[in-house]
Amino acid sequence: MVSISSMTGFAAARGEEASYAWGWEIKSVNAKGLDVRCRLPSGFENLDGPVRERIRNRIKRGNLALTLTLRREQSEGAFQVNRGALDRVFQLLEEIGQRLPDSRPPSADGLLALKGVLEPADETLDEEGRAALEAAVMDGLETALASLEEMRESEGERLAEVLEGQIGEIQRLCGEAGGLAAMQPGAIRERLKDQVGELIEAVPALPEERLAQEAALLMVKADVREELDRLMAHVAAARELLEHGKAVGRRLDFLCQEFNREANTLCSKSIDIELTRLGLDLKAAVEQFREQVQNIE
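Student: How do you make sense of a nonpolar patch on the surface when you look at a structure like this?
Tutor: On the surface, Leu92, Ile96 and Leu100 cluster together into a nonpolar patch covering about 290 Å² of accessible area. As for its placement among the helices and strands, leucine 92 is situated in helix α2 (residues 83-99).

Student: Is there a simple way to think about the packing of helix α8 (residues 249-269) against helix α9 (residues 273-293) in this case?
Tutor: The angle between the axes and the distance between the axes are what describe a pair of packed helices. In contact at an axis separation of 9 Å, α8 and α9 are set at 165° when each is read in the N-to-C sense. In this view, α8 runs roughly antiparallel relative to α9, as classed from their interaxial angle. Crossing handedness for the pair α8 and α9: left-handed. Residues Gly249, Leu252, Asp253, Cys256, Phe259, Asn260, Ala263, Asn264, Leu266 and Cys267 of α8 touch α9, and the partners they reach there are Leu275, Thr276, Gly279, Leu280, Leu282, Lys283, Val286, Phe289, Arg290 and Val293. Residue composition of the contact of α8 with α9, grouped by class: 12 nonpolar, 5 polar and 3 charged.

Student: Please explain the packing of aromatic side chains as it appears in this structure.
Tutor: To describe a pair of aromatic rings, one takes the distance between the centres and the angle between the planes. As enumerated under the stated definition, the model contains 1 aromatic pair in all. Centre to centre, the rings of phenylalanine 259 and phenylalanine 289 are 6.1 Å apart; their planes meet at 80°, and the pair counts as edge-to-face. Of the two residues, phenylalanine 259 is situated in helix α8 and phenylalanine 289 in helix α9; the sequence distance between them amounts to 30 residues. Each member of the pair, phenylalanine 259 as well as phenylalanine 289, is classed as buried. If you follow arginine 130 out to its NZ or CZ, it ends over the ring of phenylalanine 44, 4.0 Å from the centre.

Student: Explain the environment of glutamate 243 to me, please; I cannot follow it from the model alone.
Tutor: Mapped onto the fold, glutamate 243 is located in helix α7 (residues 225-244). With relative accessibility at 54%, the residue glutamate 243 sits in the exposed group. Distance from glutamate 243 to alanine 160, taken between C-alpha atoms, is 9.3 Å for residues 83 residues apart in sequence.

Student: Teacher, can you tell me more about the pattern of salt bridges here?
Tutor: Pairing is possible between side chains of opposite charge, provided their charged atoms come close. In total, this model carries 20 salt bridges according to the counting rule given. Connected via shared salt-bridge partners are Glu169, Arg172, Glu176, Glu274, Arg277 and Asp281.

Student: I would appreciate a short explanation of the nonpolar core in the present structure.
Tutor: In a soluble, globular protein the nonpolar side chains are often hidden away together inside. Grouped together as the largest cluster of nonpolar side chains are 32 residues, with contacts concentrated most on Ile4, Ile170, Leu252, Phe259 and Phe289. At the level of elements, α4 (127-178), α7, α8 and α9 are the ones that each hand at least two residues to this core. Counting residues per element, this core draws most heavily on α4, which supplies 8 residues. Isoleucine 170 has contacts with Val235, Phe259, Leu282, Ala285, Val286 and Phe289, leaving out every residue within four places of it along the chain.

Student: When you look at the sheet that holds strand β4 (residues 62-72) in this model, what are you seeing that I'm missing?
Tutor: Sheets are built from strands that pair by backbone hydrogen bonding, the pairs being arranged parallel or antiparallel. As summarised here, the arrangement of the 4 strands in space is β1-β2-β4-β3, forming an open sheet in which the pairing is mixed. The two strands at the open ends of the sheet, each matched to only one other strand, are β1 (9-17) and β3 (34-39). Neighbouring strand axes in the sheet, compared pairwise and without regard to direction, differ in orientation by 15° on average. Two elements, strand β2 (residues 20-29) and β4, share 10 bridges in a ladder whose sense is antiparallel. Opposite tyrosine 20, over in β4, you have arginine 72 as the bridge partner. Against the sheet, helix α1 (residues 48-58) contacts β2, β3 and β4, and its axis sits at roughly 145° relative to β3.

Parameters at a glance
- Residues numbered from 1 in each chain as written.
- Predicted model: local features only at pLDDT ≥ 70, side-chain atom pairs only at ≥ 80, totals over all residues.
- Heavy atoms only, no water.
- Patch = residues over 30% accessible without salt bridge, like charges linked within 9 Å, V, L, I, M, F, W, Y side chains within 5 Å.
- Areas by Shrake-Rupley, 256 points an atom, 1.4 Å probe, with all protein chains shown as cover.
- Salt bridge = Lys/Arg side-chain N within 4 Å of Asp/Glu carboxyl O.
- Helix = DSSP H or I, 4+ residues; strand = E, 2+ residues; numbered from the N terminus.
- Axes fitted to C-alpha atoms, helices over the stretch in contact; angles between N-to-C directions.
- Parallel < 35°, antiparallel > 145°, perpendicular 65-115°, else oblique.
- Left-handed = near helix turned anticlockwise from the far one by under 90°.
- Contact = heavy atoms within 4.5 Å.
- Nonpolar A, V, L, I, M, F, W, Y, C, P; charged D, E, K, R; others polar.
- Phe/Tyr/Trp six-rings, centres within 6.5 Å; stacked < 30°, edge-to-face > 60°.
- Buried < 20%, exposed > 50% of the residue type's maximum accessible area, 1.4 Å probe, protein only.
- Lys NZ or Arg CZ within 6 Å of the ring centre and 35° of its normal.
- Core = buried A, V, L, I, M, F, W, Y, C linked by side-chain atoms within 4.5 Å.
- Pairing = 2+ DSSP bridges.

Right under this line is the structure:
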């Protein structure tokens with residue numbers, strides 16, 4: 001059995017390459033389609049297209065927010081002197097020397113210890129290093145997406161159990177409605193007989209042909225077996241979609257509309273208080289089913 005997937009999930013992947021530490025974070029929530037928001041560090045905007053393509057190849061629905069972080073790992077001894085800051089220090093020392101001629105000149109290590117004089121070196125990646133970093137980052141994206149899919153499928157398994165229980169409840173209510181005494185042909189005929197009698201009293205001169213038409217119309221309105229048959233067909237279709245798995249969320253959502261339409265018709269045609277109660281319970285069960293369907297990819 002192919003499992004269904006939820007649209008909710010979170011995944012992360014981290015690693016190091018070319019003196020950089022990188023990290024991916026992906027958050028996924030419900031959406032009508034596939035909506036991707038990607039935050040990339042400055043200078044790595046060229047990855048936006050490949051990132052979106054890889055997502056589209058693996059995920060069909062969901063609102064995904066991706067963030068890539070990059071942090072430069074400081075190499076040992078990779079420092080440089082800020083000559084502008086050092087020149088300003090020398091100017092200040094000259095001014096101080098004019099006021100305090102007997103003062104000792106500062107040592108080299110003292111000058112380098114001043115804030116801003118010694119700073120990390122700006123090491124620029126060469127073409128080979130850049131390519132290696134981007135390859136590692138994209139491999140990390142694949143790892144994160146695989147983790148996200150695994151989480152969404154795990155949540156989908158839980159959802160499938162809930163949905164199966166709700167489909168079972170819809171089926172039970174339909175069976176109970178079909179078994180009501182008021183649904184049986186005899187009860188419908190008795191109700192029809194009373195209604196025809198009321199019609200004759202209201203319109204004594206009603207032609208026999210018209211009376212037959214009205215009787216047939218009342219019979220059709222009183223019989224909800226067709227609605228129940230369609231509801232049971234929808235139950236079978238829902239189970240088939242769950243067994244099919246993967247991206248069936250849209251089709252299940254459409255099926256919910258059909259469930260609701262038949263439940264509404266059943267309530268409007270009901271001639272029995274108990275049947276009306278069951279119809280309302282059925283509408284509530286369908287709504288609970290629809291709420292859970294919104295989470296499926």
